[in-house]
Amino acid sequence: MLHGIDVSAYQSASYDTDGLSFVFIKATEGRSYVNPKLADQTSRGRDAGLVVGFYHFLWPGNLTAQAEYFVGKAPDRAGDILAVDWETTSEGTHASNAEKDRFIKKVKELRPHHRVVLYCNRNFWLNVDTTSYAGDGLWIADYVTAGKPRIQAKWRFHQYTSDPLDKNVADFGSKAALKKWAEGA
């Protein structure tokens with residue numbers, strides 16, 4: 001298992017990269033928010049030689065506009081991974097299954113040379129999702145033993161704790177294998 005983290009504006013731009021192979025960075029949310037630390041957090045990951053991914057917090061509605069906003073703000077380098085964060089919004093709503101699927105497909109259309117994955121928690125995967133569509137891979141949040149999420153589906157990334165920050169593992173045999181997969185979209 002490879003180790004990584006995910007960060008947003010709540011975390012430092014000078015996060016610790018020791019022992020990490022990858023980082024996911026929040027890029028955007030809806031159609032108006034951009035992480036103010038995006039450039040610095042991206043530089044930190046790239047300078048440390050990490051595989052870098054970017055995620056968009058999905059809101060219901062305006063899927064094409066959100067996808068265009070995301071790919072317009074997220075850095076665009078070969079081997080970067082793109083992700084959709086599908087969960088309950090601050091207003092207590094969430095994008096529908098059809099909206100989640102359309103968003104992933106639109107991002108893949110706009111950035112055909114990038115892997116696009118779905119991030120969601122175990123409850124969403126088991127009780128909200130009805131299509132099992134996760135683009136190029138599933139990034140599952142389930143706060144249990146690293147690499148042992150309580151789902152039957154094949155997953156690529158597992159967020160296993162948020163204490164003291166979001167920690168993840170990736171189901172790849174080596175960093176080189178992760179890079180090869182990320183670059184092979």
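Residues numbered from 1 in each chain as written. Predicted model: local features only at pLDDT ≥ 70, side-chain atom pairs only at ≥ 80, totals over all residues. Heavy atoms only, no water.

> Honestly, the pattern of salt bridges in this entry has me stumped. Any pointers?
Tallied over the full model, the rule gives nine salt bridges. With a closest N to O distance of 2.9 Å, lysine 106 and glutamate 109 form a salt bridge. Here lysine 106 pairs with glutamate 109, and both are found in helix α3 (residues 97-110), just three residues apart, close to one helical turn. Using a relative accessible area of 53% as the deciding quantity, one classes glutamate 109 as exposed. Residue lysine 108 is joined to aspartate 136 by a salt bridge in which the shortest nitrogen-to-oxygen separation is 2.8 Å. Of the two residues, lysine 108 sits in helix α3 while aspartate 136 sits in the loop between α4 (122-128) and β7 (138-141), which places them 28 residues apart along the sequence. Given a relative accessible area of 21%, aspartate 136 falls into the partly exposed group. Bridged by salt links that share partners, the residues Lys100, Asp101 and Asp129 form one connected network. (Salt bridge = Lys/Arg side-chain N within 4 Å of Asp/Glu carboxyl O. Helix = DSSP H or I, 4+ residues; strand = E, 2+ residues; numbered from the N terminus. Buried < 20%, exposed > 50% of the residue type's maximum accessible area, 1.4 Å probe, protein only.)

> Looking at this model, I keep getting lost on the packing of helix α2 (residues 63-73) against α3. Mind explaining?
To characterise two packed helices, one gives the angle between the axes of the helices and the distance between these axes. Where α2 meets α3, the axes come as close as 9 Å, and the angle between the chain directions of the two elements is 40°. By the angle between their directions, the pair α2 and α3 is classed as oblique. Regarding α2 and α3, the two cross each other, and that crossing is right-handed. Counted together, Leu63, Thr64, Gln66, Ala67, Glu68, Phe70 and Val71 of α2 and Glu99, Arg102, Phe103, Lys106, Val107 and Leu110 of α3 form the full contact between these two elements. (Axes fitted to C-alpha atoms, helices over the stretch in contact; angles between N-to-C directions. Parallel < 35°, antiparallel > 145°, perpendicular 65-115°, else oblique. Left-handed = near helix turned anticlockwise from the far one by under 90°. Contact = heavy atoms within 4.5 Å.)

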